[in-house]
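# Summary of structural features
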Amino acid sequence: MSLSTSHELRRAFLDYFQAENHEVVHSSALVPDNDPTLMFTNAGMVPFKDVFTGNEHRPYVRATSSQRCIRISGKHNDLENVGVTARHHTFFEMLGNFSFGDYFKEQAIFYAWDFVTRILDLDPSRLAVTVFGGERNLAADTDAEDLWKKITGLPDARIQRFGADDNFWQMGDVGPCGPCSEMHVYLGDGEPDPRLVNQEPGANGRGWMEIWNLVFMQFDRDEGGVMRPLPAPSIDTGAGLERLSAVVQGRLSNYDTDLFRPLIQLAAELAQKTYHGSQSADDVSLRVIADHARMTAFLIAEGVFPDRDGRSYVLRRVMRRAIRHGHRLGLESLFFHRCASKVIDIMKDAYPELAERRPVIEEITQQEEMRFRRTLDRGLELIAVNKNWTETRDGKVLPAAIAFELYDTFGFPLDLQQTIGAEQGFSVDEAGFNEHMQQARERSAGSKVGDLKVDALYQSLARELGRVDFVGYEDETADSQVLALLSSGVRVEICEKGQPTEVVTRVTPFYAQAGGQVGDRGLIRTEQGAEFEVTHTERPVEGLIVHHGVLKSGTLKQGDRVRLEVDHALRHATRCNHSATHLLHYALRKVLGPQAVQKGSLVAPDRLRFDYAATRPLSSDEIRLIETLVNAKILENAPVTTEVLPYQGAKDRGAIGIFEEKYGEMVRMLSMTDESIELCGGTHASRTGDIGLFKVLSDSGLAAGVRRLEAATGERALAYVHALEEELSQAATLLRATPQTLSDKLARHVEQHKQLAKDVETLRRKLLTGPQTDLSAQAKDLNGVRVLGAVVEIADLDSVRELADQWRDKLAPAIVLLGTTTADGKALLVCTVSKELTTRFRAGTLIKHAAAVVGGKGGGRPDFAQAGGPEPSRLAEAVAQIYALADKTAD
Ligand code: SER
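Rules and cut-offs
- Residues numbered from 1 in each chain as written.
- Predicted model: local features only at pLDDT ≥ 70, side-chain atom pairs only at ≥ 80, totals over all residues.
- Heavy atoms only, no water.
- Helix = DSSP H or I, 4+ residues; strand = E, 2+ residues; numbered from the N terminus.
- pLDDT = per-residue confidence, 0-100.
- Contact = heavy atoms within 4.5 Å.
- Pairing = 2+ DSSP bridges.
- Axes fitted to C-alpha atoms, helices over the stretch in contact; angles between N-to-C directions.
- Phe/Tyr/Trp six-rings, centres within 6.5 Å; stacked < 30°, edge-to-face > 60°.
- Buried < 20%, exposed > 50% of the residue type's maximum accessible area, 1.4 Å probe, protein only.
- Disulfide = S-S within 2.5 Å.

### Here's the deal with the environment of S488
For S488, the position within the fold is in the loop between β14 (477–487) and β15 (490–492). Along the primary structure S488 and E502 are separated by 14 residues, whereas in three dimensions their C-alpha atoms are 9.0 Å apart.

### Some points on the confidence of the model for the protein
Predicted confidence across the protein gives a mean pLDDT of 89, with 96% of residues reaching 70 or more. By mean pLDDT, helix α19 (residues 647–652) is the weakest element of the protein at 78, and strand β3 (residues 91–99) is the strongest at 98. Taken as a whole, residues 445–454 scores under 50 in pLDDT and shows nine contacts with residues more than four places along the chain or in a different chain. Confidence over residues 658–663 falls short of pLDDT 50; this stretch has 29 contacts with residues more than four positions distant or in other chains.

### Here we look at the sheet that holds strand β25 (residues 608–613)
Spatially, the four strands line up as an open sheet ordered β24-β25-β30-β29, and their pairing is antiparallel. The open sheet has two free edges, formed respectively by β24 (598–603) and β29 (694–703), since each of these has just one partner strand. Adjacent strand axes in the sheet meet at a mean angle of 15° when their direction is disregarded. Bridge analysis of β24 against β25 gives five bridges, and the strand direction is antiparallel. Note on β25: the bridge partner recorded for V603 is L608. Along the sheet face, helix α20 (residues 714–734) touches β29 and β30 (706–713) and points at about 95° away from the line of β30.

### Details of the packing of aromatic side chains
Under the counting rule described, the total for this entry stands at 30 aromatic pairs. Taken together, a centroid distance of 5.1 Å and an interplanar angle of 90° make the contact between F298 and Y351 edge-to-face. You can see F298 sitting in helix α8 (residues 281–301) and its partner Y351 sitting in the loop between α10 (336–347) and α11 (352–356), a full 53 residues away along the chain. Neither F298 nor Y351 differs from the other in exposure class; each is buried. Aromatic pair F404 and F433: ring centres 6.2 Å apart, planes at 55°, arrangement tilted. Pair noted here: F404 is in helix α13 (residues 400–408) and F433 is in helix α15 (residues 430–443), with a separation of 29 residues, a long-range link. In terms of burial, F404 and F433 fall into one category: buried.

### Overview of the state of the cysteines
Evaluated as defined, the whole model comprises zero disulfides. Considering cysteine sulfurs only, C180 is the nearest to C69, which forms no disulfide, with 16 Å between them. A residue is classified by how much of its surface remains accessible, and C69, at 0% relative accessible area, is buried. With no disulfide of its own, C180 lies 11 Å from the sulfur of C177, the closest cysteine sulfur.

This is how it looks when you write it as C-alpha cells:
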C-alpha cells in the first residue's frame, strides 16, 4: 500500500487494527465530556478512561482510533517550543490501539513491531525501545524486556531501561496508569547511540525520536496517589500521526510533512517570504502560524470560540500568538482566517465537520484578528514608550502594572508579552502579574476559579455504589432503596428535617440535569409516609445521580425503601420544551445553514433558550420563518421516537450533535420526522403536537459570535401572545383605534406630530422677533456700554437664551440680563456679555447678585451665565440690578 500521504497513513493504521478485530472508533471531541478536570482531550485513551476503570462497558474489548488531541502545557509541551522544535504542536492526532482486559503486553508489542517494520517498512537497525526500569516501589518490567527480545530480536543494547519519568504513563494526577514501553527511531546520519534513546532530537530533527508509546495499563490512581489495580490489565498505545508521517515521508521535521507544508506555504506567500525550514525568526513564525491555525480551526468547529475564560481563553491566547507572529512577518491585512481555511482543505476528508463549519471558522477567526489588531499596535506602543522598567541583575523587567494593563485592556496574554520580551530583550514581572490577576478575579463575582474541581466525595461514592439506574425515560415513578445521604458535603446516616440533603438511590426516574435540560423535581416517600421534596437532580460524576432537597415530614435514613415520584406537570412541560428546542435547532439550520452551530441550550419547564453561532441578528422575517417552520412540525403531530443504535448508524441517518457527543458505541438518537434527528439523552414529548404552540420571545447577542434565542411553548406561548394583544388593544384605545387600524392611525399621528413641532418652531421664532419682545426701550447706555435688564414672558430656557443673545448682538457691546417664570413656576435668569467686555464684566459674577434677589444661586462663564430661584415675583427687581451692577466699575 502506498503511504505517501498522512491520510493514507492514518487509514493504514486503522485498517491494520480493524483487520486484527479492533473496533474503529471515530475521534472523540477535543472538549472531553467525561472528565471535567481535563481542559482538552490530550491522549488517545481519554475517551476510553471509564472503560479502563470498569465504570463503562462497551460491546467490544479491542479498539483503535485516530484521536485529535491538544496539549499546551506540561513538562514536554511548553507553548514556547511550538514552531521552534521539529515536533512540538498544540494540536495533533494520536493513533492508538486499545485492549480492555483482552490482550496484554505480548500482543501489543507484536502489533507495534509488525506495523512499524512490515507495514511502514522501517529499518529494524534504526529502531530501539525503552522499558520501565523500576521505581516508586514497582519492579522493573522484565516481562516487557523479554518480550521485546523474543518478538523483535533486538540486541540488548537497543532495549534500554528508564525510570518513572520516562517509562511510567499516567493520564493526569488521577486516572488509569501503568508502566510503559516506547519505540524510537533514529533520524539522521552516523551510528546511533542507543544510550541517548530517550533524548528528543534538537531543532534540526536529527537523533532518536519516540514514535510509539505502549502503556501497560494496570492501575487507577486516586487523588491521594493510591494506585488500585484496574479490573483487568489493559493496553493503551499512542503514536503521533505527525511524527510517524515525518518518518514515512522521509522528513526530519513534522513541519515538512503534507499536514503542515501547505499551511506554511500559504502563510509565506501572504507574507511574501520564502520558507527555508531554518531557525530564523521568520521561519519560526511561519511554523507557529501553521500549528496554531490547526488548533484554531478544530476548536472553533467544535463550538469553542475565543473569549476571556477557560477553554475559550486558551484558544484566544493561541490565536493571538499566531496573529502577532503574522504581524511580526509584516502581514498587515487580515490573514489568519485564510490559514484556518487552509486547515479545512487539508483535513476535511478525515473530518468532514470542518468543511460543514467553514463559514463559522472563517468568520470567528477574522473577527478575532480584527479585534486583536485594533489594540495590537497600541499595546506594542505602550511597551515602547514605557519608562518604568525595573532593572535587575538579569536585565530589564516590565512592571506588573503595565503587564496587567496589556493583558486586561489590550488583550495581550502573558506568554505573548514574554515572547515579545524575548525578542526585545526584557522579561515580565510574572509574580506581580499573577497578583494583579488574583485581585481582578476576587473583584469579579463571576470568577470561574474552582469550577473544574470535582468533589472527591462524589468520586468515591460513585466508585463505592456503582452506577445509579435511570429509568425515567419510561417511568415517572420507581421503587428503590436509599443508598447514601449527604449533607453539607459529608455522608450522614439519617436525614434531618428541614436540612438541605442529597439522596442517592439504586434506581431513579429523576432526570439529572444534563444536555441543557434541567434536573427533575418531585417527591421521595417512605412506606411510613415520610416525604422528601426533591428540588433539583444532578449528576456530579458519571454514573452517580443525586437528588437535592429537604425532608418535609417523617424520617428518612440510609437503607430505607422509598418510592420516587417525578412532578408530572413540570416534567411534561420540560419534555415539550426539549422537543421544541430540537425543532428550533432544525428550523435555525434550515434558515441560516449548518453554520448555526448549537452553542448551548437551557430547557426548563417554563422556558427554553438556544445559543447558536451567528455573527448578526436574525431579521424579523427570519424569526417569522423559524416560527412557521416549527409550528408546521407541531401541526404535523409527528411521533417523537428514540432509538439506541451504533454511532455509525446514527451518523448514516444524518443525526446531528455527533461532533459534540461522546463516541460511545451505542448512542441515543431522537427523531421527529426525517428533518430533526439529533443525538440526545434528554426526555421528550410523545408527539410534536404536545408542544401546542411555539413562539420566539427574543434574539439577542450573548458573546462574540454567539447569539441567544429565547422561546416559549404551549400555555406560556399563548400567555405571551395574550399579553402582546392586551398591550396592542390598550394602545389602540388610547388612539381611539382598533388593533387592526392602529398602525395607520399611529402613522397619521406621527405625521401630525411632526407638523405640529414644525409649527411650534415657526411660532417661537416669530415670538422672538415680534413686537412683544422688542426690548429696545429698556436698554440704557452706561459708560459706553449698552445695558439691558428685562422680564419676558417666554417659558422655555432655549428661547430665553436665544433672545438674550439676539439683544446682546443687536446692542453690542452690551450686557443683557433677562428674567422669566418657567412652566413650573420658578424664576429663571439668563445673563450674556459681549466677548469684548468680558475682561470688565463677567456674566457669572453679575448673575450671582441678581439670583440672590430671587432667592437662588447661579453661575457660568464670563460671557454667559444662568440662574434659577424660587421667587419669580421678584424678577423685576432682580433684572433691574443689572443697571446698578454695570454702572459700577468692572469687577
Ligand atoms: N496514553 C499514552 C500517551 O499518551 C499512550 O497512548 O502517550
